[in-house]
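One-letter residues, chain by chain:
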Amino acid sequence: MDRRDKTNYYLDMAQVALERGTCLRRNFGAVIVKNDVIVSTGYNGAPRGRANCIDIGTCIRQKMGIPRGERYEFCRSVHAEMNAIIAAPRDQMIGATLYLVGRDMSTGKIMSDANSCTMCKRLIINAGIEKVVIRRDVDTYDTVNVHDWVENDDTLGSSMAY
C-alpha cells in the first residue's frame, strides 16, 4: 500500500473541513500547518449566530447574478482562510503553510481554478503565512509563495475566487 504524501494529506484534511461549509455556490476548507503540526482549520460560513445560506435557502450573490470574484459585501460567509486565521495564534502562523481546497456546489467537483480572494490574500500576508498550497484535483496542487503576492501587489485585485 502506498503511503499518502504529506501535502496531499493536509489537502485531504482541508477537503474534509470544506464539508462543514454552508455556501450554496462554493465551499472551501483551509488548514494552517507549521512544522508538521496543524495549527488551525477553517471553512466558509456565516459569522457565529447568523443564519447561513443553507439555512435561509438562498445565496444573495447567486440570486443577484453576481459573478465569481466580485461584490463580496453581499456574501453572508466568512471565508475558510479567514476563519482559519482568526482561530490561530499569530506566532504559529509566521512561516506556516495554508492548504486550501474548493468545491463547486453545482457540480460537486473540486475547483481546479480555486484561489484566495483579494481580502484573504491580504490576511494571509499579514498573518505571516509563507506558502499557500491549492488543490487542483485529487492528487495535483499548486504551491504559491506568499512573498510573490507582496512583490506583485498589482495582481492582488485581479484574483478570481469563491
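One structure accompanies this document, and this report is about it. (Residues numbered from 1 in each chain as written. Predicted model: local features only at pLDDT ≥ 70, side-chain atom pairs only at ≥ 80, totals over all residues. Heavy atoms only, no water.)

## Side note on the overall build of the chain
Then, number 1: Helix and strand counts for the chain come out as 7 helices and 5 strands.
Then, number 2: Along the chain, from the amino end to the carboxyl end, the secondary structure elements read α-β-β-α-α-α-α-β-α-β-β-α.
Then, number 3: Scaling as 2.2 N^0.38, a compact globule of 162 residues should have a C-alpha radius of gyration of about 15 Å, and the chain matches this with 15 Å.
Then, number 4: By principal-axis analysis of the C-alpha atoms, the chain measures approximately 40 × 40 × 30 Å.
Then, number 5: The buried share among the 162 residues of the chain stands at 46%.
Then, number 6: Restricting to contacts in the chain with at least 6 residues of sequence separation, those with at least 24 account for 69%.
Then, number 7: When the accessible area of the chain is evaluated, it comes to approximately 8700 Å², of which 49% is carbon and sulfur surface. (Helix = DSSP H or I, 4+ residues; strand = E, 2+ residues; numbered from the N terminus. Rg over C-alpha atoms; globule rule 2.2 N^0.38 Å. Buried < 20%, exposed > 50% of the residue type's maximum accessible area, 1.4 Å probe, protein only. Contact = heavy atoms within 4.5 Å. Areas by Shrake-Rupley, 256 points an atom, 1.4 Å probe, with all protein chains shown as cover.)

## Regarding the sheet that holds strand β1 (residues 26-34)
In a beta sheet, neighbouring strands pair by backbone hydrogen bonds and run either parallel or antiparallel.
Then, number 1: Taken together, the 5 strands give an open sheet; going across it, the order is β2-β1-β3-β4-β5, and neighbouring strands pair in mixed fashion. The open sheet has two edge strands, β2 (37-43) and β5 (141-145), and neither has a second partner. Each strand of the sheet is rotated relative to its neighbour by a mean of 20°, with strand direction disregarded.
Then, number 2: In this structure, strand β4 (residues 131-135) lies alongside β5, joined through 5 bridges in antiparallel fashion. Residue V133 lies in a different strand from β5, and its bridge partner there is T143. (Pairing = 2+ DSSP bridges. Axes fitted to C-alpha atoms, helices over the stretch in contact; angles between N-to-C directions.)

## Notes on the pattern of salt bridges
Then, number 1: This model, assessed by the stated rule, comprises 8 salt bridges.
Then, number 2: Note that R4 and D139 form a salt bridge whose closest N and O atoms lie 2.5 Å from each other. Residue R4 is located in the segment before α1 (6-18), and its partner D139 is located in the loop between β4 and β5; the two are separated by 135 residues in the primary sequence.
Then, number 3: Here R4 falls in the partly exposed class, since its relative accessible area comes to 35%.
Then, number 4: As a salt-bridge pair, D12 and R135 come within 2.8 Å of each other at their nearest N and O atoms. Residue D12 is located in helix α1, and its partner R135 is located in strand β4; the two are separated by 123 residues in the primary sequence.
Then, number 5: Through salt bridges with shared partners, a single ionic network connects R4, D12, R135 and D139. (Salt bridge = Lys/Arg side-chain N within 4 Å of Asp/Glu carboxyl O.)

## Observations concerning the layout of surface pockets
Then, number 1: Considered as a void within the structure, the largest pocket measures approximately 370 Å³ in volume.
Then, number 2: Ranked by residue count, the leading element in the lining of the largest pocket is β2, at 3 residues.
Then, number 3: Its residues placed into classes, the lining of the largest pocket shows 6 nonpolar, 7 polar and 3 charged. (1 Å grid on protein atoms, 1.4 Å probe; cavity = no way out; pocket = protein on both sides within 12 Å on 5 of 7 lines; lining within 4 Å. Points joined across faces, edges and corners; volume = space filled by probe spheres on them. Nonpolar A, V, L, I, M, F, W, Y, C, P; charged D, E, K, R; others polar.)

## A few points about unusual backbone geometry
Excluding glycine, a negative phi dihedral is what most residues carry, and trans is how most peptide bonds are arranged.
Then, number 1: A positive phi angle, close to 60°, is found at D36, a residue other than glycine.
Then, number 2: Inspection of the secondary structure assignment puts D36 in the loop between β1 and β2.
Then, number 3: Positive phi, close to 55°, is recorded for R71, a residue that is not glycine.
Then, number 4: Taking the relative accessible area as the measure of exposure, R71 reaches 43% and is therefore partly exposed.

## So, the nonpolar core
Then, number 1: Formed by 22 residues in total, the largest nonpolar core has its most connected members in I32, I85, M93, L98, I124, I129 and V132.
Then, number 2: The set of elements that each furnish at least two residues to this core consists of β1, α4 (80-86), β3 (97-104), α6 (118-127), β4 and α7 (146-151).
Then, number 3: With residues up to four places along the chain from it excluded, the contact list for I85 reads I32, M93, L123, I124, A127 and I129.
Then, number 4: The next biggest cluster of nonpolar side chains, apart from the first, holds 9 residues, and it includes Y10, A14, L18 and V133. (Core = buried A, V, L, I, M, F, W, Y, C linked by side-chain atoms within 4.5 Å.)

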